[in-house]
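If you want the building blocks of each chain, they are given just below.
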Protein chains: 2
Amino acid sequence: MNSINKINSMKSLTIIAAAFLGLLITSCMENKSENSKTEPESIFPKGVKGPSENFTGNAWNTPLVSNDSTYNTVIGNVYFEPGARSNWHTHPAGQILIITDGVGYHQIEGKPIEIIKKGDVVKCPPNVRHWHGASPDIGLQQLYIIPNTEKGIVNWNESVTDEQYLINKNNLK
Amino acid sequence: MNSINKINSMKSLTIIAAAFLGLLITSCMENKSENSKTEPESIFPKGVKGPSENFTGNAWNTPLVSNDSTYNTVIGNVYFEPGARSNWHTHPAGQILIITDGVGYHQIEGKPIEIIKKGDVVKCPPNVRHWHGASPDIGLQQLYIIPNTEKGIVNWNESVTDEQYLINKNNLK
């Protein structure tokens, strides 16, 4: 093989290698972007949008256990999109929240807002006003468990204002 | 640049490209192996191994809500390793299971074994014998909710034999 042929053959190899590199980079970037999703992982279907008279922003409710006289328990999942939150409300027998992904806020009236995240479990006692929702930048996946439903399920109050929601660090637990 | 220099310079480029390719392939393979984990995703800490008098194989319990007279509810997470299962048992006020990842089995006495997987919710009525656990090949992450605990929490019975567990397709719901 003469020098010119060698150069041409290496040029071809380099072009093939470059094309292969391009494909690999694209494939890697796709993998990376799958790994770096900021939307919380969902275990359940997205569900139905919560009504605007009870929620600010987009909160998606998936009922999992409906009320009956055997278990006296209501269970469901809510996915709060970033910035979304419930109105203030009370539960006659209290409520338990289990956070399965994302980052959010929970506030019992008169107490600091607490940051809630994957793996956290929070309780709100019977007939105490509270609200919960996503953080401004990251959504929240939360299971709610309402026990002793023979006493009642939920009483809705007024919405959480932007001033109440847009907290500063002094107000965080 | 003469032909020899051109060949040498292209050889160097090819070697650099090959090294870069190698790195990219390794990085891609690492990503792929992260994505193809067969162990179920864990939301909670692994917890404490369930006692062998109540479980066959390795079942890891993380208590989340302990019993009290306000909520009358006990909640926890169990990670069943592949092949692990509970003994037969009853709950005086019934039990609700929420599957957050993996694949497992649930059987109410006298009924076919049902396959349970991520997103499923199953109930066992009060004082009915049942057992639950992982499938033979894939582990199970499950939340348990025991309501109305003023009636009692759990009564343990005998273990689930390999014959009861190693089901065939005719026995699957």
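What you see is a predicted model; the values in this text were computed from it and never measured.

Caption draft 1: Representation of the overall build of chain A in the model. A tally of helices and strands in chain A yields two helices and 12 strands. Secondary structure of chain A in N-to-C order comes out as α-β-β-β-β-β-β-β-β-β-β-β-β-α. Classification of the 173 residues of chain A by burial places 46% in the buried group. Taking as baseline every contact in chain A between residues at least 6 positions apart, the subset at least 24 positions apart corresponds to 70%. Of the roughly 8700 Å² of accessible surface on chain A, 55% is carried by carbon and sulfur atoms.

Caption draft 2: Main features of the nonpolar core. Counting 20 residues, the largest nonpolar core has A:Ile75, A:Ile98, A:Leu143, B:Ile75, B:Ile98 and B:Leu143 as the members making the most contacts within it. Of all the secondary structure elements, the ones that give two or more residues to this core are strand 3 (59–65), strand 7 (95–108) and strand 11 (140–146) of chain A together with strand 3 (59–65), strand 7 (95–108) and strand 11 (140–146) of chain B.

Caption draft 3: Quick look at the pattern of salt bridges. In the structure shown here, the tally under the stated rule is 12 salt bridges over all chains. The salt bridge involving B:Lys117 is made with B:Asp120; its shortest N-O contact spans 3.9 Å. The exposure class of B:Lys117 is partly exposed, given its relative accessible area of 44%. With its nearest N and O atoms 2.8 Å apart, the salt bridge here joins B:Arg129 to B:Glu158. In this pair, B:Arg129 is assigned in the loop between strand 9 (121–124) and strand 10 (130–134) and B:Glu158 in the loop between strand 12 (155–156) and helix 2 (162–165), connecting sequence segments 29 residues apart. Salt bridges linked by common partners bring A:Glu109, A:Arg129 and A:Glu158 together as one network.

Caption draft 4: Structural context of unusual backbone geometry. The backbone of A:Asn148 shows a phi angle near 50°, a positive value even though the residue is not glycine. Examined against the element boundaries, A:Asn148 turns out to sit in the loop between strand 11 and strand 12 (155–156). The class for A:Asn148 is buried, based on a relative accessible area of 2%. Even without a glycine there, the phi angle at B:Asn72 is positive, about 50°. The topology assignment puts B:Asn72 in the loop between strand 3 and strand 4 (74–80). A relative accessible area of 11% places B:Asn72 in the buried class.

Caption draft 5: Structural detail: the packing of aromatic side chains. Evaluated as defined, the whole model comprises eight aromatic pairs over all chains. Centre to centre, the rings of B:Phe55 and B:Phe80 are 6.2 Å apart; their planes meet at 50°, and the pair counts as tilted. Of this pair, B:Phe55 sits in strand 2 (residues 55–56) while B:Phe80 is found in strand 4, placing the two residues 25 residues apart along the sequence. For the pair shown, B:Phe55 and B:Phe80 are each scored as buried. Chaining the aromatic ring pairs together yields one cluster made of A:Phe55, A:Phe80 and A:Trp156. The ring of B:Tyr165 carries B:Arg85 above its face, with NZ or CZ at 4.3 Å from the centroid.

Caption draft 6: Structural detail: the pairing of strand 11 of chain B. Residues and elements named next belong to chain B. Burial of strand 11 is extensive: seven of the seven residues sit out of reach of the surface. What you see with strand 11 is no split at all: Leu-140, Gln-142, Tyr-144 and Ile-146 on one side and Gln-141, Leu-143 and Ile-145 on the other are buried throughout. Note that strand 4 and strand 11 share seven bridges and pair antiparallel. If you follow Gly-76 over to strand 11, its bridge partner there is Tyr-144.

Caption draft 7: Here's a closer look at the side chain of B:Asn87. All names here are of chain B. Relative to the assigned elements, Asn-87 resides in the loop between strand 5 (85–86) and strand 6 (89–90). A residue is classified by how much of its surface remains accessible, and Asn-87, at 3% relative accessible area, is buried. Separated by 2.8 Å, the side chain of Asn-87 and the backbone oxygen of Glu-53 make a polar contact. Residues within four places of Asn-87 in sequence aside, it is in contact with Glu-53, Asn-54, Phe-55, His-130, Trp-131, Trp-156, Asn-157, Glu-158, Ser-159 and Val-160.

Caption draft 8: Representation of the environment of B:Lys46 within the structure. Residue and element names in this part refer to chain B. Mapped onto the elements of the fold, Lys-46 is located in the loop between helix 1 (3–35) and strand 1 (48–49). Measuring from C-alpha to C-alpha, the distance between Lys-46 and Pro-63 comes to 10 Å, with 17 residues separating the pair along the chain. Those residues in contact with Lys-46, other than ones at most four positions away along the chain, are Trp-60, Asn-61, Thr-62, Tyr-79 and Glu-81.

Parameters and conventions
- Residues numbered from 1 in each chain as written.
- Chains lettered and ligands numbered in written order.
- Predicted model: local features only at pLDDT ≥ 70, side-chain atom pairs only at ≥ 80, totals over all residues.
- Heavy atoms only, no water.
- Helix = DSSP H or I, 4+ residues; strand = E, 2+ residues; numbered from the N terminus.
- Buried < 20%, exposed > 50% of the residue type's maximum accessible area, 1.4 Å probe, protein only.
- Contact = heavy atoms within 4.5 Å.
- Areas by Shrake-Rupley, 256 points an atom, 1.4 Å probe, with all protein chains shown as cover.
- Core = buried A, V, L, I, M, F, W, Y, C linked by side-chain atoms within 4.5 Å.
- Salt bridge = Lys/Arg side-chain N within 4 Å of Asp/Glu carboxyl O.
- Phe/Tyr/Trp six-rings, centres within 6.5 Å; stacked < 30°, edge-to-face > 60°.
- Lys NZ or Arg CZ within 6 Å of the ring centre and 35° of its normal.
- Pairing = 2+ DSSP bridges.
- Polar contact = N/O pair within 3.5 Å; in protein donor to acceptor, adjacent residues only side chain to side chain.

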